[in-house]
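Commentary on secondary and tertiary structure
Each chain, letter by letter, is given below.
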Amino acid sequence: RRVHGKQWYQHRVHGELLRIQVQNLECNCVCFAPDGRSIVSGWSDGKIRAFGPQTGKLLYVVNDAHKTQGMKRVSGNLSGVTALAVSHDNSRLVSGGADSQVRVWKLGRESHTMEASMKEHKATVNDISLRQGDQQCVTASDDGSCIVWDLGRFMRSNIMYAQTYFRAVAYFADESQILTTGSDRKITYWDSYECSAIRELEGAKAGEINTLSISPTGETFVSGGVDKILKLWDYDEGAVHAIGLGHSGNITKARFAPDGATIVSVGDEGGIFIWKVS
């Protein structure tokens, strides 16, 4: 059906292909490896688990990736592993946790070892975005900062501050800018080299914004949050071109497909919506 905008449709007929469950645990984050050979997930017990995308077979486990005990809970209601990103060459995994740590893991055929643990955040790490060359990443945290990390020296390269709980962060297509959003309902454009704010949009009239995703071409981006409205924005104009209504709960995550023609959104009511942009 058409949903409050030109040529934006919700697909209605989709069947479940695979279900992966770990008893008595919550999955906080999930992503596909760039080569498509594994689904990497972060769990409330502090472990990272990777599964086969067709069979659901457990491929590997990173034990004790992030702490779940012996720490002061400083933000949010999640525990364990809260953010993940796999490098474009599939050789590394970057994880963030409720323990405020950012960790880099070397992925091998038989073993998975930690290369570095970087602690500068003071609260839960909510999102991670990698640059194409895999030499830098940026992390968003509840502590009001987004940190750009040098993944060669494993140290902070730059930092962005705002009076907000940062929920999501993404590099623009040509990596000249960084887009962030969070609890202050603002969507902010940052210069990726100086980490200075360029532009600020009012992303919602009420409620936190939990997620954003930039299309592969960089022409549009999508946002969603507590107001239950999925919004499609023109990146340069900073204007909403279409909205999607359907979620009855808070939108927790939305992502463009690699071809840019489809958007998948999920909500805390358990709904999974697939939208077509044509």
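Here, the structure is the one placed above.
Structure report, in brief. (Residues numbered from 1 in each chain as written. Predicted model: local features only at pLDDT ≥ 70, side-chain atom pairs only at ≥ 80, totals over all residues. Heavy atoms only, no water.)

Structural notes on the overall build of the chain
Counting its regular elements, the chain contains zero helices and 24 strands. Taken over the C-alpha atoms alone, the chain extends approximately 50 × 45 × 35 Å along its principal axes. Sorting the 278 residues of the chain into buried and exposed places 50% on the buried side. Contacts in the chain between residues far apart in sequence, at least 24 positions, make up 40% of those at least 6 positions apart. On the chain, roughly 13700 Å² of surface is accessible, and the fraction owed to carbon and sulfur atoms is 47%. (Helix = DSSP H or I, 4+ residues; strand = E, 2+ residues; numbered from the N terminus. Buried < 20%, exposed > 50% of the residue type's maximum accessible area, 1.4 Å probe, protein only. Contact = heavy atoms within 4.5 Å. Areas by Shrake-Rupley, 256 points an atom, 1.4 Å probe, with all protein chains shown as cover.)

Thoughts on the sheet that holds strand S18 (residues 209-214)
Spatial strand order, S18-S19-S20-S21: four strands in an open sheet with antiparallel pairing. This sheet does not close on itself; its edge strands, each paired only once, are S18 and strand S21 (239-245). When the angles between neighbouring strand axes are averaged without regard to direction, this sheet yields 20 degrees. (Pairing = 2+ DSSP bridges. Axes fitted to C-alpha atoms, helices over the stretch in contact; angles between N-to-C directions.)

Some thoughts on the environment of glutamine 135
Of note, glutamine 135 is situated in the loop between strand S10 (125-130) and strand S11 (136-141). The class of glutamine 135 is partly exposed, set by a relative accessible area of 49%. Note: C-alpha distance between glutamine 135 and histidine 112 (23 residues apart in sequence) is 19 Å. Setting aside residues no more than four positions away along its own chain, glutamine 135 makes contact with Trp149, Asp150, Leu151 and Gly152.

Considerations on unusual backbone geometry
Positioned with a positive phi, phenylalanine 154 is a non-glycine residue whose angle comes to about 55 degrees. Inspection of the secondary structure puts phenylalanine 154 in the loop between strand S12 (145-150) and strand S13 (155-161). A positive phi angle, near 70 degrees, is found at lysine 228, a position not held by glycine. Residue position: lysine 228 is located in the loop between strand S19 (220-225) and strand S20 (229-234).

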